[in-house]
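As a plain string of letters, each chain reads:
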Amino acid sequence: MPTQALEIDVQTALALSRATSRAVIAISPKAHRAMMDALGVEAAAHEIQGGPVAELVAALIRGHLDQLK
């Protein structure tokens, strides 16, 4: 059960992130660029932190960035 709850939390977070990204992109190109930059900084921070969870989070953020390009 804890694994299922974690999977639901992750899926919910990803869905909210995608929806937020679409909204920001619709606002303006400057907002889109600022969001992309902030996500890049966040991914880099997780990569520096190291460890399997941080590396997974960084990879998920980078994947999200690729989808937004």
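Cut-off values and rules
- Residues numbered from 1 in each chain as written.
- Predicted model: local features only at pLDDT ≥ 70, side-chain atom pairs only at ≥ 80, totals over all residues.
- Heavy atoms only, no water.
- Helix = DSSP H or I, 4+ residues; strand = E, 2+ residues; numbered from the N terminus.
- Buried < 20%, exposed > 50% of the residue type's maximum accessible area, 1.4 Å probe, protein only.
- Contact = heavy atoms within 4.5 Å.
- Areas by Shrake-Rupley, 256 points an atom, 1.4 Å probe, with all protein chains shown as cover.
- Lys, Arg positive; Asp, Glu negative; His and termini not counted.
- Charge placed at Lys NZ, Arg CZ, Asp CG, Glu CD.
- Salt bridge = Lys/Arg side-chain N within 4 Å of Asp/Glu carboxyl O.

### Describing the overall build of the protein
Moving on, step 1. For the protein, the helix and strand inventory stands at three helices and zero strands.
Moving on, step 2. Element order for the protein, N to C, with α for helix and β for strand: α-α-α.
Moving on, step 3. If one aligns the C-alpha atoms of the protein with their principal axes, the spans along those axes are about 40 × 25 × 15 Å.
Moving on, step 4. Burial statistics for the protein: of 69 residues in total, 20% are counted as buried.
Moving on, step 5. Across the protein, every contact between residues at least 6 apart in sequence was considered, and the portion connecting residues at least 24 apart equals 44%.
Moving on, step 6. If you sum the accessible surface of the protein, you get close to 5000 Å²; carbon and sulfur atoms cover 66% of it.
Moving on, step 7. Across the protein, the 6 positively charged side chains and the 7 negatively charged ones have centroids separated by 12 Å.

### Considerations on the pattern of salt bridges
Moving on, step 1. In the structure shown here, the tally under the stated rule is two salt bridges.
Moving on, step 2. Across the pair Arg 62 and Glu 47 runs a salt bridge, and its minimum N-O distance is 3.2 Å. Here Arg 62 is found in helix H3 (residues 52-68), whereas its partner Glu 47 is found in helix H2 (residues 29-49), with 15 residues between them in sequence.
Moving on, step 3. Using a relative accessible area of 41% as the deciding quantity, one classes Glu 47 as partly exposed.

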